[in-house]
Amino acid sequence: MKFNTKTIHGGQKPDPAYGAVMPPIYQTSTYAQSTPGGHKGFEYSRSHNPTRQALENAFASLENGDFGLAFGSGLAAIDAVMKLLKPGDEVISTNDLYGGTYRLFTKIFEGFGIKFHFIGMDNAANIEKYINANTKLIWVETPTNPMLNIIDIAAASKISKKHNVLLAVDNTFATPYLQQPLDFGADIVMHSATKYLGGHSDLVMGALIVKDQDLAKKLYFIQNASGAICGPQDAFLALRGIKTLHVRMQRHCENGKAVAEFLKSHPKVETVYWPGFDTHPNHTIAKQQMRDFGGMVSFVTKGNNYDQAIKFVENLKVFTLAESLGGVESLCGHPASMTHASIPKVEREKIGVVDSMIRLSVGIEDAEDLINDLQQALG
Ligand SMILES: *Cc1c(COP(=O)(O)O)cnc(C)c1O
């Protein structure tokens, strides 16, 4: 099955009860048993739910994996991955990372005795220097947030396999439409399905996808034992969203390109971060591992003035100032005061998240309206 067919049919079959084409929202906590243990595969909805199972099958199909797991949020999915580890284990993570992931790693799991190395992974060879006998996991996010750096997944995977360490990739920004990390040798793909997979800014959800059965069993055990599952209504919404992922992504990419090019030509703009420019430091890798360059664009204005950046986001009319990304509507954010506020200023500036940085999630509206809006707000 090709990707554009998988988004609609991957892992799906009509509901066995009445042939419903869309899986019904099985809004139930429990299932009748004819005799103790005599059930139809479902006992209790923390463990299994038919609507969630349909979604989990769709996740697996989209990422060319064999097992999908749905969680109540992206962070709940990451939390489940971290619970594979034990005190004394070490993680090598990209230093250009979603703020909430950094917070989870440093404020929760460091306290449980896990050691993190936050390093630049622009050059994946860097990773190997930090590997020792305690290293259990490499955490990659690509493209990164909000710098839109690209990490070479195949190169990271070579290192992880050589040292028998797990490689997890947060694929939220790219979506499986643009890149499928399992195909490049990753062991775990993670999504905040809140973003492009859901695609309509109407739910919060996380996903994990793997190929290895033992790993799937461990993660399923954690999902059930810790209980951070998503509800059936949200599972239904995510399934509905996924059916248009490929058409939405195509337009996100077209509009992202138009916006990036407009900003690059604007006299008040200092730098535009977008992996589609051939001047982007990892453009070659982006071209190798991604089908297109996505709808996320970040930029910095000349003078790097905090107050001007705030004024700019306040003046936008079509772009909505909001956290999050990946929905059909265009959003803008000011990482220094929003998504990255939980990262200390010195740390965020080290990776380039300066005061005037603006991050755009370019939606699927008419590109001309988006550009006109940016034009007037820059004015
Ligand atoms: C939003 C996001 C997360 C966290 O997901 P939630 O659904 O908000 O818990 C993790 N990684 C990236 C790249 C994100 O954008």
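The model shown is predicted, which means the values in this text are computed figures rather than measured ones.

Caption draft 1: Looking closely at helix H9 (residues 245–264). With 20 residues, H9 extends 28 Å between its outermost C-alpha atoms, agreeing within 8% with the 28 Å of an ideal straight helix rising 1.5 Å per residue. Within H9 the residues assigned to the buried category are Leu 245, His 246, Arg 248, Met 249, His 252, Cys 253, Asn 255, Gly 256, Val 259, Ala 260, Phe 262 and Leu 263.

Caption draft 2: Region of the structure containing the pattern of salt bridges. By the definition in use, this model includes 10 salt bridges. Residues Glu 254 and Arg 251 are paired through a salt bridge, measuring 3.4 Å at the closest nitrogen-oxygen approach. A residue pair is termed a helical-turn pair when its members lie 3 or 4 positions apart in one helix, as Glu 254 and Arg 251 do in helix H9 at 3 residues. Judged by its relative accessible area of 39%, Arg 251 falls in the partly exposed class. Residue Asp 355 is joined to Arg 348 by a salt bridge in which the shortest nitrogen-to-oxygen separation is 3.5 Å. The class for Asp 355 is buried, based on a relative accessible area of 14%. Where salt bridges share partners, they join Lys 345, Arg 348, Glu 349 and Asp 355 into one cluster.

Caption draft 3: Representation of the sheet that holds strand S2 (residues 90–94). An order of S1-S7-S6-S5-S4-S2-S3 is seen for the 7 strands of this open sheet, with the pairing classed as mixed. The sheet terminates laterally at strand S1 (67–71) and strand S3 (115–119), the two strands that pair on one side only. Direction aside, the axes of adjacent strands within the sheet are offset by 20° on average. Relative to strand S5 (residues 166–170), strand S4 (residues 135–141) is paired through 5 bridges, and the arrangement is parallel. Bridge pairing in S5 links Glu 141 to Asp 170. This element, helix H4 (residues 99–109), spans S2, S3 and S4 of the sheet and lies at about 150° to S3.

Caption draft 4: Region of interest: the site of the ligand. Around the ligand lies a shell of 13 residues, among which Gly 74, Asp 170, Ser 192, Thr 194 and Lys 195 are the nearest. A distance of 2.9 Å is found between an oxygen atom of the ligand and a backbone nitrogen or oxygen belonging to Gly 74. Side-chain polar atom of Ser 192 to an oxygen atom of the ligand: 2.8 Å apart, as the coordinates give it. Summarising the interface, the protein chains cover 94% of the accessible area of the ligand, which totals 380 Å² for the free molecule. Among the residues making up the shell around the ligand, the classes are represented as 5 nonpolar, 5 polar and 3 charged.

Rules and cut-offs
- Residues numbered from 1 in each chain as written.
- Predicted model: local features only at pLDDT ≥ 70, side-chain atom pairs only at ≥ 80, totals over all residues.
- Heavy atoms only, no water.
- Helix = DSSP H or I, 4+ residues; strand = E, 2+ residues; numbered from the N terminus.
- Expected span 1.5 Å × (residues − 1).
- Buried < 20%, exposed > 50% of the residue type's maximum accessible area, 1.4 Å probe, protein only.
- Salt bridge = Lys/Arg side-chain N within 4 Å of Asp/Glu carboxyl O.
- Pairing = 2+ DSSP bridges.
- Axes fitted to C-alpha atoms, helices over the stretch in contact; angles between N-to-C directions.
- Contact = heavy atoms within 4.5 Å.
- Near = heavy atom within 4 Å.
- Polar contact = N/O pair within 3.5 Å; in protein donor to acceptor, adjacent residues only side chain to side chain.
- Areas by Shrake-Rupley, 256 points an atom, 1.4 Å probe, with all protein chains shown as cover.
- Nonpolar A, V, L, I, M, F, W, Y, C, P; charged D, E, K, R; others polar.

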